[in-house]
Each structure stands twice: as structure tokens, then as C-alpha cells.
Amino acid sequence: MKNIIIVPILVLVISPLIISANAFADFNATNGMYFCNTKDLNAEKSGYSYFIYQENRYWYGEMPEDIAATILKTNYGSTMLDNLGKAYQCLKENNIDPDSVEKIPPYLLQGLNLAKEQDPEKFAQFAPSFSDYVPVPEFGTLAGMIAAISIIGVVIISRRILI
């Protein structure tokens, strides 16, 4: 009789310990929203990696232009992308470089950058935390080189047409 009572108690005590070791991130159970757990930064790293994995899985194979067009056409936000922004900020606030944990794929960043350039307000509605916290790269230091190559290309093409 004692064994019948002890087994369910052990299952109730041990199973949460086993399941919690595989947690990806922290969520508020009442509203399902992500929150930063500064007490378990390994869970935050796992959560950040998981959000990138999910976004990569969703957008894989899409061209950056298609990603931007899809984002700007939709009328609802992306909870996963928004949570990615929150996880990014959480890592930054705790002195962890998010890129050292996992890099956001370049094609995805390019698509997000295009969407942000074309309609910053719509992009901010789509994923507010991502828009606020994750720096979407622009041309930056490559701007000069891109301009120079463009000018040289125009000169070469115009000379061939005139000859």
C-alpha cells in the first residue's frame, strides 16, 4: 500500500525537474508572453537560439524581397519575431553578445531590413520588440564601395553604348 502512494508522489516531484531542464525560454503562463529571466541566462540563450531556429525554419528558402513583401502585406504581428527581439535585448542587458550565442541568418536580416526601409511604421507594428531592440544592418561602411561600383558600372555601360 505504501508503494502505491509513494510512486505517484515521486512522479509528481521528479517529472517537473526532468521537464524543466529542456526549457527554451521563459513565458508568463497567464498571457503567454516572453519575459527575461536574469536568474537563468542559459535558458535565455536557449530561448534566443530557439527563436532564431523557428524564424529560420519559417522563412528558409525565401528571398529577402519576398520576406519584406510578406511582412508588409500582413495585418497581424509576429509573436515569434517579437520574442526574438525581447530575447536579444535580454542578452544584451546581461552583457551577453547575442551573435556569440547564435547569428540571425543574413537573408532574414536583409528581408527584415527591406521591410523596415520600405515601411518603418508597419514593420514596428509587425514586431515591436524586434524593431526596437535588434539592429537591422544597413549598408554602413559598404555604402562608399557600392556607390563607387555603381558609378563605374554606369560609365562602362554608357561607353559601350556610345561606341
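First, a word on what this report is: a plain description of the structure on this page. (Residues numbered from 1 in each chain as written. Predicted model: local features only at pLDDT ≥ 70, side-chain atom pairs only at ≥ 80, totals over all residues. Heavy atoms only, no water.)

1. Description of the overall build of the protein
Threshold: Here a strand is any run of E in DSSP of at least two residues, a helix any run of H or I of at least four, and the numbering for each starts at the N terminus. Contact criterion: two residues are considered in contact whenever any of their non-hydrogen atoms come within 4.5 Å of each other. A 1.4 Å probe and the Shrake-Rupley method give the accessible areas. Residues count as covered only by the protein chains that appear here.
A count of helical and extended segments in the protein gives nine helices and zero strands. When the elements of the protein are put in sequence order from the N terminus, they spell out α-α-α-α-α-α-α-α-α. Summarising the internal contacts of the protein: among those between residues at least 6 apart in sequence, 71% fall at separations of at least 24. For the protein, the exposed area adds up to about 11,100 Å²; of that, 61% sits on carbon and sulfur atoms.

2. Considering the nonpolar core
Which entries qualify depends on this criterion: The set of buried Ala, Val, Leu, Ile, Met, Phe, Trp, Tyr and Cys residues whose side-chain atoms join them within 4.5 Å is what this entry labels a nonpolar core. Buried means the residue's accessible area, taken with a 1.4 Å probe over protein chains only, is under 20% of the maximum for its type, while exposed means over 50%, and partly exposed covers the values in between.
If you look at the biggest cluster of nonpolar residues, it comprises 26 residues, and the most contacted ones within it are Y48, I71, L84, I104 and F130. The element best represented in this core is helix α4 (residues 79-93), accounting for six residues. The residues touching I71, leaving out its near neighbours within four places in the chain, are W59, L112, A115, K122, F123 and F126.

3. Some points on the environment of I96
Relative to the helices and strands, I96 is located in the loop between α4 and α5 (98-101). Judged by relative accessible area, which is 14%, I96 ranks as buried. Each C-alpha atom, one on I96 and one on L41, is 9.1 Å from the other, the two residues being 55 residues apart in sequence.

4. Quick word on the layout of surface pockets
This is how the line gets drawn: Of the grid points, spaced at 1 Å and generated over the protein atoms alone, those admitting a 1.4 Å probe that cannot get out make up cavities, while open sets with protein on both sides within 12 Å along at least five of seven lines make up pockets; any residue with an atom within 4 Å of a point is treated as lining. Grid points are joined across faces, edges and corners, and a volume is the space filled by probe spheres set on the points. Three residue categories are used. Nonpolar comprises Ala, Val, Leu, Ile, Met, Phe, Trp, Tyr, Cys and Pro, charged comprises Asp, Glu, Lys and Arg, and polar comprises the others, including Gly.
Looking at the second largest pocket, its volume works out to about 210 Å³. Q54, E55, Y58, W59, T70, T74, Y76, G77, S78, M80, L81 and F126 together form the lining of the second largest pocket. Looking at the lining of the second largest pocket, the elements that each hand over two or more residues are α2 (41-59) and α4. Looking at the lining of the second largest pocket, the element that brings in the most residues is α2, giving four residues. Tallied by class, residues from the lining of the second largest pocket come to six nonpolar, five polar and one charged.

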